[in-house]
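Breakdown of the fold
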Amino acid sequence: MIYLNGEFLPLEEARIPVLDRGFIFGDGVYEVIPVYGRRPFRLSAHLARLDYSLAGIRLANPCTHERWGEIIAAICAKQAFDDQAVYLQITRGVAKRDHSFPAGVAPTVFLMSNPLPLPSAEQIAHGVAAITAPDDRWRHCDLKTTSLLGNVLLRQLAVDQGAAETILFREGLLTEGSAANALIVQDGRIIAPKKDWRILPGITYGAVYDFANEARLPFEMRDIPEAEVRAAAEVWLSSSTKEVLAVTRLDGAPVGSGTPGPIFRQMHALFKQARGVAG
Ligand code: PDD
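Our subject in this report is the structure included herewith. Computed from a predicted model, the values in this text were never measured in an experiment. (Residues numbered from 1 in each chain as written. Predicted model: local features only at pLDDT ≥ 70, side-chain atom pairs only at ≥ 80, totals over all residues. Heavy atoms only, no water.)

1. Side note on the nonpolar core
Within the largest apolar cluster, 33 residues are counted, with the highest numbers of intra-cluster contacts made by Ile190, Val208, Phe211, Phe219, Trp236 and Met267. Residue assignment for this core shows that the elements contributing at least two residues are β1 (2-4), β3 (28-36), β5 (84-91), β10 (181-186), β11 (189-192), α6 (203-214), β14 (243-250) and α8 (262-276). Per-element accounting of this core gives the leading share, 6 residues, to α8. In this structure, this core is formed jointly by two domains, domain 1 (2-115) and domain 2 (121-274), each of which donates at least three residues. When near neighbours in sequence (up to four residues on either side) are disregarded, Met267 contacts Ile190, Val208, Phe211, Ala212, Leu217, Trp236 and Val244. Counting residues in hydrophobic clusters, the runner-up holds 22 residues, among them Leu43, Leu50, Val86 and Leu111. (Core = buried A, V, L, I, M, F, W, Y, C linked by side-chain atoms within 4.5 Å. Buried < 20%, exposed > 50% of the residue type's maximum accessible area, 1.4 Å probe, protein only. Helix = DSSP H or I, 4+ residues; strand = E, 2+ residues; numbered from the N terminus. Domains from an automatic or database assignment. Contact = heavy atoms within 4.5 Å.)

Rendered as structure tokens:
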């Protein structure tokens, strides 16, 4: 069961008009919210980021946070599985094709929830391979928009080479992955790129920051030159559907010891613990 413009209906029955601006222009924003045991994880942070993305594309939020909470709870209750990934999308609605904003048009609101595709035990134990590429996306990577062609093309580079993710550099500095934040560990310190227009302010990145503080693990936010990534003891990806995942091969070369490092294992355990008390 999905939610579309005020109604719950089976996915196969859901239809949107071809002139939806999401389809024509990629004119919309989205969120992916992990749900553990039917309880959304860090929901208020996801809704705050949704407000930020909507403001960034100048689209009014069609619902209050309270109403979003109700819709998300309802969509979760309709699924047969407990751990879920809620996908929420808002587009600028249906209108005659014209680049400028249409007047008086209702946004399209769509939600679905799928089983949460967390990394496999094998991926957690051994890490994954990643490749690198120049970050050629636009200058609003902090907005979670549905215009994802840049990310799509970059992810496919990894798939073409049998890797899990493409890690991106802009002007010699680490930005993020095609669909995840990227962090490194050096000398026992977790180091992450600053949150600015170059990266999505990941909710999982925020959770890593909070868990690190609670566990008294040093956490630094700063520019990270490419050479530092290649020499790092550990490289991690973070996202709502990956939690934290170790990158153990980068462009074919081992990262650190070539196995998930001790700080990764500690952080992964903190996520596992948090799953039990999500709310
Ligand atoms: N992607 N950076 C990019 C480009 C992303 O697409 C994502 C998440 C993240 C991590 O953000 P968060 O921790 O809030 O999930 C960073 C989602 C999962 C997706 O597009 O499916």
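2. Thoughts on the pairing of strand β8 (residues 165-170)
The element β8 is largely enclosed, with a buried count of 6 among its 6 residues. Residues Glu165, Ile167 and Phe169 line one face of β8 and the alternating positions Thr166, Leu168 and Arg170 line the opposite face, and both faces are buried. In the sheet, strand β7 (residues 128-134) pairs with β8 via 5 bridges, with the strands oriented parallel. Within β8, the position partnered with Ile131 by the bridge is Thr166. Between the parallel elements β7 and β8, the chain passes through helix α5 (residues 149-160) in a crossover that is right-handed. Between β8 and strand β9 (residues 173-177), which pair antiparallel in sequence order, lie 2 residues; one of them, Glu171, sits at a positive phi of approximately 50 degrees. (Pairing = 2+ DSSP bridges. Right-handed = clockwise from strand over helix to strand, strands pointing away.)

3. Here's the deal with the site of the ligand
Tyr30, Arg49, Glu176, Thr204 and Ser240 are the nearest of the 19 residues found near the ligand. For the ligand, an oxygen atom lies 2.7 Å from a polar atom in the side chain of Tyr30. Coverage of the ligand by the protein amounts to 89% of the 480 Å² it exposes when considered alone. Listing elements by their share of the shell around the ligand, those giving two or more residues are β3, β9, α6 and β13 (234-239). (Near = heavy atom within 4 Å. Polar contact = N/O pair within 3.5 Å; in protein donor to acceptor, adjacent residues only side chain to side chain. Areas by Shrake-Rupley, 256 points an atom, 1.4 Å probe, with all protein chains shown as cover.)

4. Looking at the pairing of β5
Most of β5 sits inside the fold, with 8 of its 8 residues counted as buried. In β5, alternate side chains face the same way, and those of Gln84, Val86, Leu88 and Ile90 on one face and Ala85, Tyr87, Gln89 and Thr91 on the other are all buried. With 8 bridges connecting them, β5 and strand β6 (residues 108-115) associate as antiparallel partners. Each bridged residue has a counterpart across the sheet, and for Gln84 the counterpart in β6 is Pro115.

5. Remarks on a nonpolar patch on the surface
Together, Val18, Leu19, Phe23, Ile24 and Val94 make up an exposed nonpolar region whose accessible area comes to about 440 Å². Inspection of the secondary structure puts Ile24 in helix α1 (residues 21-25). Taking the relative accessible area as the measure of exposure, Ile24 reaches 30% and is therefore partly exposed. (Patch = residues over 30% accessible without salt bridge, like charges linked within 9 Å, V, L, I, M, F, W, Y side chains within 5 Å. Salt bridge = Lys/Arg side-chain N within 4 Å of Asp/Glu carboxyl O.)

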